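Per-entry structural report
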Amino acid sequence: LLFKKYKILKDPQGMLLAGAGVNTSFYSAAPMPAFNRFVFLFLGRILSDKGIRELAEAAHYVRRTHPQVEFWIAGIQPENHPAEIDKVEFQRWIDLGIFKYWGWRTDVRSLIEQAHVVVLPSYREGLSSTLLEAMSMSRPLIVTDVPGCRETVQVGYNGWLAKVKDAHDLERCLLEAIQTPPEVLNQMGKNSREKAVQEFNIEQITIK
């Protein structure tokens, strides 16, 4: 789009691809888990610009009134990064029961299968592969309204959009997800899968 704006490319030159895509066969549809507990899952590097502090704040308030809700985190803790989260601070969130930390995983499918909603309150993204994987496995999303995230969510269809850097608005989205009837949440997950297959299937992107 930038190349076309500055007339480096002219129609019909160039093509906009939907990120790297997702292997919808490998990340196959998974049934929604039982609702005896409710699991939100964050997949990504443990960095401040991934919105992890806003998630910790929102999760803290949610769990005060909904103790059956769990917030799972899986991802690497980078060192010597400008947006690095202090390990003591992160461990405090775990010790307080705000987060359950699963470390870094090469294969996240088993975690997605156990989650009800995948959350990424990032400040900025490319088109996140973890969001596409979650969509492909039939999970609704809560993401921030920023480029690279908003493309994955159609509000009311397969997820929620939260304001960036806004823990209170993120809390609103989390509570709306919890209060969504199971049959509706299940349909939103199916809608995510359909959107992944129609728009982000790696086979279609490769053919293009």
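Here goes a summary of the coordinates provided. Computed from a predicted structure; not experimentally measured.

As for the overall build of the protein
Across its full length, the protein holds eight helices and six strands. Ordering the α and β elements of the protein from the N terminus gives α-β-α-β-α-β-α-β-α-β-β-α-α-α. Scored against the burial criterion, the 208 residues of the protein give a buried share of 48%. Pairs at least 24 residues apart make up 72% of the contacts formed inside the protein by residues separated by at least 6 positions.

A short note on the side chain of Arg139
Following the sequence through the fold, Arg139 ends up in the loop between helix H5 (129–136) and strand S5 (141–144). Buried within the structure, Arg139 lacks any salt-bridge partner; Glu113 is the closest side chain of opposite charge, at an N-O distance of 7.2 Å. Among the polar contacts listed, one links the side chain of Arg139 to the backbone oxygen of Met137, at a separation of 3.2 Å. Setting aside its immediate chain neighbours within four residues, Arg139 contacts Ala30, Pro31, Met32, Pro33, Ile112, Glu113, Ala115, His116, Val118, Ala134, Gly189 and Ser192.

Things to note about the pattern of salt bridges
One pass over the full model with this rule turns up ten salt bridges. Note that Arg53 and Glu89 form a salt bridge whose closest N and O atoms lie 2.9 Å from each other. Taken together, the residues span a long stretch of sequence, with Arg53 in helix H2 (residues 52–65) and Glu89 in helix H3 (residues 87–95) at a distance of 36 residues. The partner of Arg150 in a salt bridge is Asp145, and the shortest N-O contact between them spans 2.7 Å.

Quick look at helix H6 (residues 167–179)
Under the 1.5 Å per step criterion, the end-to-end length of H6 is 18 Å for 13 residues, consistent within 8% with the ideal 18 Å. Among the residues making up H6, those that are buried are Ala167, Asp169, Leu170, Glu171, Cys173, Leu174, Ala177 and Ile178. You can read the cap of H6 off the contacts: a side-chain oxygen lies 3.1 Å from the backbone nitrogen of His168, and it is on Asp166.

Some words on the packing of aromatic side chains
Tallied over the full model, the rule gives nine aromatic pairs. A ring pair is formed by Phe26 and Tyr27, whose centres lie 5.0 Å apart and whose planes are at 85°; its orientation type is edge-to-face. Of the residues examined, Phe26 reaches a relative accessible area of 39% and is grouped as partly exposed. For Tyr27, a relative accessible area of 12% translates into the label buried. Aromatic pair Trp72 and Trp102: ring centres 5.0 Å apart, planes at 55°, arrangement tilted. One end of the pair, Trp72, is in strand S2 (residues 69–74); the other, Trp102, is in the loop between strand S3 (100–101) and helix H4 (109–114), with 30 residues separating them in the sequence.

What about the nonpolar core?
Among the nonpolar cores identified, the biggest contains 57 residues, and Phe40, Leu55, Phe71, Phe99, Ile142 and Leu174 are the most heavily contacted of them. Not counting chain neighbours up to four residues away, the residues in contact with Ile142 comprise Phe40, Val117, Val118, Val119, Leu120, Trp160, Leu170, Cys173, Leu174 and Ala177.

Let's talk about the sheet that holds strand S4 (residues 117–120)
If you trace the six strands from one edge of the open sheet to the other, you get S3-S2-S1-S4-S5-S6, paired in parallel fashion. Single-partner strands in this sheet number two, and they are S3 and strand S6 (159–162). Bridging between strand S1 (residues 38–43) and S4 involves two bridges; their strand directions are parallel. The residue of S4 that forms the bridge with Phe40 is Val117. Across the sheet, H2 lies against S1, S2 and S4, angled at about 160° from S2, the strand it touches most. Across the face of the sheet, H6 comes into contact with S1, S2, S4, S5 and S6 while running at roughly 165° to S6.

About the cut-offs
Residues numbered from 1 in each chain as written. Predicted model: local features only at pLDDT ≥ 70, side-chain atom pairs only at ≥ 80, totals over all residues. Heavy atoms only, no water. Helix = DSSP H or I, 4+ residues; strand = E, 2+ residues; numbered from the N terminus. Buried < 20%, exposed > 50% of the residue type's maximum accessible area, 1.4 Å probe, protein only. Contact = heavy atoms within 4.5 Å. Lys, Arg positive; Asp, Glu negative; His and termini not counted. Salt bridge = Lys/Arg side-chain N within 4 Å of Asp/Glu carboxyl O. Polar contact = N/O pair within 3.5 Å; in protein donor to acceptor, adjacent residues only side chain to side chain. Expected span 1.5 Å × (residues − 1). Phe/Tyr/Trp six-rings, centres within 6.5 Å; stacked < 30°, edge-to-face > 60°. Core = buried A, V, L, I, M, F, W, Y, C linked by side-chain atoms within 4.5 Å. Pairing = 2+ DSSP bridges. Axes fitted to C-alpha atoms, helices over the stretch in contact; angles between N-to-C directions.

Everything listed is a geometric property; what it means functionally is a separate question.
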